[in-house]
Amino acid sequence: MTKTMNTILIFLLLMQGGFFPNTYLLAGLLFSFLLFILAPTVKIYLPTFLSFLVLAMHYFISALIHNFSAADYSPILQIFVYVLFCLLLWGLEDEKGEHLIDGILIAAILTAYISLLSYVGLLPIKGMIVKGRMQGVMQYANATAVFLSMGLLLINKNPKKFYKYKPALLMGLQLTMSMGGILAFLFGLVLYSFSQKKKLIFLLGEAIEFIISASFSALIYISIFIFEVKLLGIFMAIMGCCMGLIWNKIRTYLIGKKRVYISIILLGILETLGLLFYRGLEAAATFEERMIHSKDGIRVLMKHPLFGLGPGRWALEKENWQGIKYYSAKLIHNSYMQISVDAGIITLLCIILLIYIWIRKKNKQSWEYSSLGCLLLHSLIDCSLYFTGISLAGIVIGSYPTESKRKYLSIQKTIIRIIALLFLFIYAWSIWKMIL
């Protein structure tokens, strides 16, 4: 079952996140099948399970109250996928559950390589590049950025195995030119540094790696979009990826050479100025607009606190709630506020409780809270949690078995089948409603 779940997780992470929500209908059906056929018993951590169950049922009730239109079914089914995924995840042995972390990282590595190949023109995929920004397999630069950031932080779990892929992940992150994604990554690095004995040395090494990778990223961009020499861009991408074979040696060597610090600092300043010149004004305007999204969302929540507007309804009704400034975004770029607008304040409280449970978990690994913290921070300024694959990755990291004293309840096969059949009925009914 572990291999099957890992394959599904990698597939979902590579299938462009929330832009193809029908993919998660298939995933939900498959998870139901696995529960129904393969799992004799599962373990349940009751607080987390109840939080997800209340979240899912509140979405479902909100959809019923708002007449459950075709626009509503996808968000509901995605939430139910979380419930099924948790039931399967908790039923795995600790050692098998750990493989799912590697699955997330493998998906991030594949995302980086596929995106780089597309960026330099070797693997032309529609929608992968917009205005020189890498959109990635998720076809949304910010979602790709936060996912690659999580992958970069997860490398710290098993650096001997995955460290050589770090330059590809860094270049992928940088070529998204996502200010929010980069800042979330830096936030995660600071969180991770708290576990290091020599915090400043660690952060210095990370800064050196980031700046060197940014040099290759800049050369790739200049080759493709300014000089328009595709072959040079391909060469730079290959060279940047190959640096991973000696990445650790480069880091160790440069940290020990204080005379190179000035050059590294000047190069970092130059790269920062270049990014701000290219993206600074646009990023500032985008941030301002996202604050307006949240303000409009608060107005909705004040008038519809219990059940919101209904799942998926914001995209259809947002013009009724917009203030002076018009914007075309179909989701509020604050995941927590969008969840509240979808189904009310109770859903937000469920999310806060889940985060509290994850944070309070004992014996957290440093890579665990840094990667999860990166995602949770980024979700304040973007719709990160609406990419179901990314949310499933967050569930895996948050549920990582590091607390031996946690009390689980066992559910027998008969009850599992009842739960699985209930979800299968909901999926089938939703498809029927969609067809009608």
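Rules and cut-offs
- Residues numbered from 1 in each chain as written.
- Predicted model: local features only at pLDDT ≥ 70, side-chain atom pairs only at ≥ 80, totals over all residues.
- Heavy atoms only, no water.
- Helix = DSSP H or I, 4+ residues; strand = E, 2+ residues; numbered from the N terminus.
- Buried < 20%, exposed > 50% of the residue type's maximum accessible area, 1.4 Å probe, protein only.
- Areas by Shrake-Rupley, 256 points an atom, 1.4 Å probe, with all protein chains shown as cover.
- Lys, Arg positive; Asp, Glu negative; His and termini not counted.
- Charge placed at Lys NZ, Arg CZ, Asp CG, Glu CD.
- Axes fitted to C-alpha atoms, helices over the stretch in contact; angles between N-to-C directions.
- Parallel < 35°, antiparallel > 145°, perpendicular 65-115°, else oblique.
- Left-handed = near helix turned anticlockwise from the far one by under 90°.
- Contact = heavy atoms within 4.5 Å.
- Nonpolar A, V, L, I, M, F, W, Y, C, P; charged D, E, K, R; others polar.
- Core = buried A, V, L, I, M, F, W, Y, C linked by side-chain atoms within 4.5 Å.
- pLDDT = per-residue confidence, 0-100.
- Arc of directions from axis to C-beta.
- Salt bridge = Lys/Arg side-chain N within 4 Å of Asp/Glu carboxyl O.

1. Considerations on the overall build of the protein
Tallying secondary structure elements over the protein gives 19 helices and four strands in all. Across the 436 residues that make up the protein, the buried fraction comes to 56%. Counting every atom, the protein has about 20000 Å² of accessible surface; 70% of that belongs to carbon and sulfur. Distance between charge centres in the protein, computed from 39 positive and 20 negative side chains, equals 6 Å.

2. Regarding the packing of helix 3 (residues 46-65) against helix 16 (residues 345-360)
Helices that pack against each other are described as a pair by the angle of their axes relative to one another and the distance between those axes. Two elements in contact, helix 3 and helix 16, have axes separated by 9 Å at closest approach and are oriented at 160 degrees. Comparing their axes, helix 16 and helix 3 come out roughly antiparallel. Note that helix 3 runs across helix 16; the crossing there is left-handed. On the side of helix 3, the interface is formed by Pro-47, Thr-48, Ser-51, Phe-52, Val-54, Leu-55, His-58 and Tyr-59, while helix 16 contributes Ile-346, Thr-347, Cys-350, Ile-351, Leu-353, Leu-354 and Ile-357. In the contact of helix 3 with helix 16, the residues fall into 11 nonpolar, four polar and no charged.

3. Notes on the nonpolar core
One finds Leu-35, Phe-85, Leu-169, Ile-220, Ile-390 and Ile-395 to be the most contacted residues of the largest nonpolar core, which totals 130 residues. Looking at which element gives the most residues to this core, the answer is helix 4 (residues 73-91), with 14 residues. If we ignore the near neighbours within four places in the chain, the residues touching Phe-85 are Met-5, Leu-9, Phe-31, Leu-392, Ile-395 and Val-396. Membership of the second largest hydrophobic core comes to 10 residues, among which are Val-300, Trp-314, Ala-329 and Val-341.

4. A short note on the environment of Asn-142
With respect to the element layout, Asn-142 can be found in helix 6 (residues 141-154). A relative accessible area of 9% means that Asn-142 is categorised as buried.

5. Focus: the confidence of the model for the protein
Any residue range with low pLDDT should be treated as having predicted coordinates unsuitable for detailed reading. Of the residues in the protein, 92% have a pLDDT of 70 or more, and the chain-wide mean is 85. Mean pLDDT across the secondary structure elements of the protein bottoms out at helix 19 (residues 413-435), with 73, and peaks at helix 8 (residues 166-176), with 96.

6. Let's talk about helix 12 (residues 247-255)
Residues of helix 12 that are buried include every one of Trp-247, Ile-250, Arg-251, Leu-254 and Ile-255, and no others. Across the axial projection of helix 12, the buried residues extend over an arc of 120 degrees, all falling on one side. Across helix 12 from its buried face, at more than 90 degrees, point the exposed residues Lys-249, Thr-252 and Tyr-253.

7. Focus on unusual backbone geometry
Outside of glycine, negative phi angles account for most residues, and trans bonds account for most peptide bonds. Phi at Gln-139 is positive, roughly 55 degrees, even though this residue is not glycine. Along the polypeptide, Gln-139 turns up in the loop between strand 3 (133-134) and helix 6. Judged by relative accessible area, which is 24%, Gln-139 ranks as partly exposed. Backbone geometry at Glu-228 places phi at a positive 55 degrees, although glycine is not the residue there. By the element assignment, Glu-228 lies in the loop between helix 10 (199-226) and helix 11 (230-242). On the basis of relative accessibility, which here comes to 64%, the residue Glu-228 falls in the exposed class.

8. Details of helix 8
Counting buried positions along helix 8 yields 11 of 11 residues, so the element is predominantly enclosed. When we look at burial in helix 8, the residues that qualify are Lys-166, Pro-167, Ala-168, Leu-169, Leu-170, Met-171, Gly-172, Leu-173, Gln-174, Leu-175 and Thr-176. At the C-terminal side of helix 8, Met-177 shows a positive phi close to 55 degrees.

9. Section: the pattern of salt bridges
Scanning the entire structure with this criterion turns up nine salt bridges. Linking Glu-209 and Lys-166 is a salt bridge whose minimum nitrogen-to-oxygen distance equals 2.7 Å. Here the residue Glu-209 occupies a position in helix 10, and Lys-166 occupies one in helix 8, the gap between them amounting to 43 residues. With relative accessibility at 2%, the residue Glu-209 sits in the buried group. Salt-bridge contacts for Asp-382 lead to Arg-290; the nearest nitrogen and oxygen are separated by 3.2 Å. Of this pair, Asp-382 sits in the loop between helix 17 (366-378) and helix 18 (388-398) while Arg-290 sits in helix 13 (residues 261-303); the two residues are 92 residues apart in sequence, bridging distant segments of the chain. In this pair, the class of Asp-382 matches that of Arg-290, namely buried. Because the salt bridges share partners, they merge into one network encompassing Lys-166, Glu-206, Glu-209 and Arg-251.

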